[in-house]
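# What the coordinates show
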Amino acid sequence: DVKVTQSSRYLVKRTGEKVFLECVQDMDHENMFWYRQDPGLGLRLIYFSYDVKMKEKGDIPEGYSVSREKKERFSLILESASTNQTSMYLCASTDRGSSEQYFGPGTRLTVT
Amino acid sequence: SQQGEEDPQALSIQEGENATMNCSYKTSINNLQWYRQNSGRGLVHLILIRSNEREKHSGRLRVTLDTSKKSSSLLITASRAADTASYFCASTSGGSYIPTFGRGTSLIVHP
């Protein structure tokens, strides 16, 4: 059974903290994605990666960075968390040339 | 910007009834997908329809695509309480393999 896992289901952090969200996939997929999901706004793409050490900005990269040191792992970093980054964060992966996305269970981040 | 927009935003039906959700998009597409999201969880891929296809079935799901109207519909037949979820359409266009998601339709099926 293919799987995308995320390090935490729920996370509470304080304003200004550095936050790491981890995502691991076991499908040997080339492409990995980070989205945030907010009520009324749907899914918005933050960053994606099409290969190890490669990254591309999505629609809303401001305030975020990413790291992909290994093919199976894609990390989202909030350098200095702010309250407007309170959201549901979803990681996804796809095989090369495919648009069918496999999602993790999501991390609900609250920044206080 | 949103490529796909679902309609209605919310749908409430009784178990056993059919549920129909629509998706409209703005530009020519390569394919269109439908995903389901149970409350507080990740999205699950349901079905993909290519731009040269008009209809596709998967179990109780039926998807149609009308490229002349730039729209797609998802029909869930004989709905069950377990179908309660949000449903998203997502389309790819041009040379991109990255889908753009709509805002979703929230479906509630009452037992």
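Residues numbered from 1 in each chain as written. Chains lettered and ligands numbered in written order. Predicted model: local features only at pLDDT ≥ 70, side-chain atom pairs only at ≥ 80, totals over all residues. Heavy atoms only, no water.

### Re the pairing of strand S11 (residues 105-110) of chain B
Residues and elements named next belong to chain B. Here is the rule: The buried label applies to any residue whose accessible area, calculated with a 1.4 Å probe on protein chains only, is under 20% of its type's maximum; exposed applies above 50%, and partly exposed to all values in between. Each helix is a run of H or I in the DSSP string that is no shorter than four residues. Each strand is a run of E no shorter than two, and both are numbered from the N terminus. When DSSP finds two or more bridges between two strands, those strands count as paired.
Residues Thr105, Leu107 and Val109 point to one face of S11 and are all buried, whereas Ser106, Ile108 and His110, pointing to the other face, are not buried. Looking at chain direction, strand S2 (residues 10-14) and S11 are connected through five bridges and run parallel. Across the sheet, the residue bridging to Gln14 is His110, located in S11. By the bridge criterion, three bridges tie strand S9 (residues 85-92) to S11 in an arrangement that is antiparallel.

### What to know about the confidence of the model for chain B
As a reminder of what qualifies: Each residue carries a pLDDT score, the predictor's confidence in it, ranging from 0 to 100.
When pLDDT is averaged along chain B, the result is 93, and 97% of the positions lie at 70 or above. Confidence, read as mean pLDDT per element, is least for strand S1 (residues 4-7) of chain B in chain B (82) and greatest for strand S7 (residues 61-66) of chain B (98).

### Considering unusual backbone geometry
The omega angle of the peptide bond from Asp7 of chain B to Pro8 of chain B is 0 degrees, so this bond is cis rather than trans. For Asp28 of chain A, which is not glycine, the phi torsion reads 60 degrees and is therefore positive. Summarising the element assignment, Asp28 of chain A is placed in the loop between strand S3 (19-25) and strand S4 (31-38). Judged by relative accessible area, which is 51%, Asp28 of chain A ranks as exposed.

### Considering the sheet that holds strand S6 (residues 55-58) of chain B
Residue and element names in this part refer to chain B. How we decide: Working convention: axes come from line fits to C-alpha atoms, limited for helices to the stretch in contact. Angles between N-to-C directions cover 0 to 180 degrees.
Strands sit in the order S1-S3-S8-S7-S6 across an open sheet of five strands; the sheet is antiparallel. At either margin of the open sheet sits one strand with a lone partner, and together these are S1 and S6. Strand-to-strand, the axes of this sheet are offset by a mean angle of 20 degrees, without reference to chain direction. One ladder, built from six bridges, connects S7 with strand S8 (residues 71-76); its direction is antiparallel. Each bridged residue has a counterpart across the sheet, and for Asp66 the counterpart in S8 is Ser71.

### Regarding the pattern of salt bridges
As a reminder, the rule being used: We define a salt bridge as a contact between a side-chain nitrogen of Lys or Arg and a carboxyl oxygen of Asp or Glu at a distance within 4 Å.
As enumerated under the stated definition, the model contains 12 salt bridges over all chains in all. Among the ionic pairs, Lys56 of chain B bridges to Glu53 of chain B, the shortest N-O distance being 3.9 Å. Here Glu53 of chain B falls in the partly exposed class, since its relative accessible area comes to 24%. Across the pair Asp83 of chain B and Arg60 of chain B runs a salt bridge, and its minimum N-O distance is 2.9 Å. Here Arg60 of chain B lies in the loop between S6 and S7 and Asp83 of chain B lies in the loop between S8 and S9, a separation of 23 residues in the sequence. Its relative accessible area of 10% is what places Asp83 of chain B among the buried residues. Among the residues examined, Arg60 of chain B registers a relative accessible area of 24% and is labelled partly exposed. One connected set of salt bridges, linked through shared partners, spans Asp28, Glu30, Lys71 and Arg96 of chain A.

### Description of the environment of Thr110 of chain A
Residue and element names in this part refer to chain A. Note the following rule: In this description, contact between two residues means that some pair of their heavy atoms is separated by no more than 4.5 Å.
Within the secondary structure layout, Thr110 lies in strand S11 (residues 107-111). Taking the C-alpha atoms as reference points, Thr110 and Lys13, 97 residues apart in sequence, are found 6.3 Å from one another. Not counting the four nearest positions on each side in its chain, Thr110 is found in contact with Leu11, Val12, Lys13 and Thr86.

### Description of the sheet that holds strand S8 (residues 73-78) of chain A
Residues and elements named next belong to chain A. Pairing is antiparallel across the open sheet formed by four strands, whose spatial order is S1-S3-S8-S7. Of all strands in the sheet, those bounded by a partner on one side alone are strand S1 (4-6) and strand S7 (65-70). Adjacent strand axes in the sheet meet at a mean angle of 20 degrees, parallel and antiparallel pairs treated alike. Relative to S8, S7 is paired through four bridges, and the arrangement is antiparallel. Of the residues in S8, the one forming a bridge with Lys70 is Arg73.

### Quick look at the state of the cysteines
Residues and elements named next belong to chain A. This is how the line gets drawn: The criterion for a disulfide is a pair of cysteine sulfur atoms lying within 2.5 Å.
Following the criterion strictly, the structure yields two disulfides over all chains and no others. Between Cys23 and Cys91 runs a disulfide, and the two sulfur atoms are separated by 1.8 Å. One quick way to see it: the torsion about the S-S bond of Cys23 and Cys91 is about -75 degrees, and its sign makes the bridge left-handed. Highlighted residues: Cys23 in strand S3 and Cys91 in strand S9 (residues 87-94), separated in sequence by 68 residues. Exposure class is identical for Cys23 and Cys91. Each is buried.

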